[in-house]
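# Coordinate inspection notes
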Amino acid sequence: GDALTFTGGLDTTAAVDAGDTTGTTLFGVLTSGGTQVDLGPVTLAGTSTIDTAGGVLNVLDADGAGVDGIATAGNALTLNGGATGVLTVSTLSGGGALTLTDSGSTTFNGAVTAGATDLQLTTGTVSFEGDTSLASLVTTTDGYGLSFTGASNSVGGATVLQNTGALVLGNE
């Protein structure tokens, strides 16, 4: 894939606001250099990384139905917000591997279906607020919290949660 750097940030939501729900196709490394990235629906065409280097990331749901955040199409995705980046993704689908290498906090506020999932170096909380299905889950011995509050959540394989922050399993 290609390397794309948007030092002044990136906003692809105008097309969504105009009624285009097809979104953006990504294959490669998208970097913002510490500035905000606002994306409409994203489909991965290959292994990809979104790196805000401390900036904010918002992946929005185009139609409010909670089904079109990031579609991995089986491709691996790495999210890196840097130590202070706040990452918010409406939904994640497609079963591709998910790696979170760093963030101030990360929230998936809709359904998540991912393959092997690796959470590293976050300083806040990683929150899965919708129904979540992960093929496997690896965490690191860092101080971040982890929260699963969807109505139906599953993690395949033996799971050892090594993170040392708060752990929330359910909210009802």
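Here, every reference points to the structure presented above.
Quick summary incoming for the structure in this document. Model, not experiment: these values are computed from the prediction.

A few words now on a nonpolar patch on the surface. A contiguous nonpolar patch, built from L161, L167 and L169 and spanning about 280 Å² of accessible area, is present on the exposed surface. Within the secondary structure, L169 sits in strand β20 (residues 167–169).

So, on to the nonpolar core. Formed by 29 residues in total, the largest nonpolar core has its most connected members in I50, I70 and L79. Ranked by residues supplied to this core, first place goes to strand β15 (residues 112–119) with three residues. Aside from chain neighbours lying at most four places away, what touches L79 is I50, L57, L87, V89, L98, T99, L100, T101, D102 and F108.

Turning next to the sheet that holds strand β2 (residues 10–11). Spatially, eight strands are ordered β2-β5-β8-β11-β14-β16-β18-β20 in an open sheet, and the strand pairing comes out parallel. A single partner strand is all that each edge strand has here, and the edge strands are β2 and β20. Bridge count for β2 against strand β5 (residues 37–39) is two bridges, and the pairing is parallel. From the neighbouring strand, D11 faces β5, where its bridge partner is D38.

This paragraph deals with the pairing of strand β17 (residues 132–139). With seven bridges connecting them, β15 and β17 associate as parallel partners. Bridge pairing in β17 places L119 opposite T139. Where β17 and strand β19 (residues 153–155) come together, three bridges link them in parallel fashion. From the neighbouring strand, L134 faces β19, where its bridge partner is V155.

On the secondary structure map, L60 appears in the loop between β8 (57–59) and β9 (70–71). A residue is classified by how much of its surface remains accessible, and L60, at 38% relative accessible area, is partly exposed. Remark: the alpha-carbon pair of L60 and A158, spanning 98 residues in sequence, is separated by 32 Å.

Per the counting criterion, the structure on display carries two aromatic pairs. Taking the centre distance of 5.1 Å and the plane angle of 10° together, the rings of F108 and F128 count as stacked. Taken together, the positions of F108 in strand β14 (residues 105–108) and F128 in strand β16 (residues 125–128) put the pair 20 residues apart, joining distant regions of the chain. Residues F128 and F148 carry aromatic rings whose centres are separated by 4.9 Å and whose planes lie at 5° to one another, so their mutual orientation is stacked. With F128 in strand β16 and F148 in strand β18 (residues 145–148), the pair connects residues that are 20 residues apart, well separated along the chain. We note that F128, like F148, is buried.

The next subject is the pairing of strand β13 (residues 98–102). Counting buried positions over the five residues of β13 gives four, a clear majority of the element. Pairing between strand β10 (residues 77–80) and β13: four bridges, direction parallel. Bridging from a neighbouring strand, L77 pairs with L98 of β13. Two elements, β13 and β15, share three bridges in a ladder whose sense is parallel. If you follow T99 over to β15, its bridge partner there is D118.

Reading guide: rules and limits
Note that residues are indexed from 1 along each chain, following the sequence as it is written. Two thresholds apply to this predicted model, a pLDDT of at least 70 for residue-level local features and 80 or more for giving and counting side-chain atom pairs, whereas whole-chain, interface and lining totals are computed over all residues. Side-chain measures here rest on the full set of heavy atoms in the structure, leaving out hydrogens and waters. What makes a patch is a set of residues exposed beyond 30% relative accessible area and free of salt bridges, joined within 9 Å when like-charged and within 5 Å when nonpolar (Val, Leu, Ile, Met, Phe, Trp, Tyr). Here the open area of atoms and residues is found with the Shrake-Rupley method and a 1.4 Å probe, where only the protein chains shown may cover a residue. What counts as a salt bridge is simple: a side-chain nitrogen of Lys or Arg found within 4 Å of a carboxyl oxygen of Asp or Glu. Here a strand is any run of E in DSSP of at least two residues, a helix any run of H or I of at least four, and the numbering for each starts at the N terminus. By convention a nonpolar core is built from buried Ala, Val, Leu, Ile, Met, Phe, Trp, Tyr and Cys residues, the set being connected through side-chain atoms within 4.5 Å. A 1.4 Å probe rolled over the protein chains alone gives each residue an accessible area, and that area as a share of the maximum for its type sets the label: buried under 20%, exposed over 50%, partly exposed in between. The contact definition used throughout considers only heavy atoms, calling two residues in contact when any of these lie within 4.5 Å. A pair of strands counts as paired when DSSP detects no fewer than two bridges linking them. For this analysis, a ring pair means two rings from Phe, Tyr or Trp (six-membered ring only for Trp) whose centres lie within 6.5 Å, classed as stacked if their planes differ by under 30 degrees, edge-to-face if by over 60, and tilted for the remaining angles.

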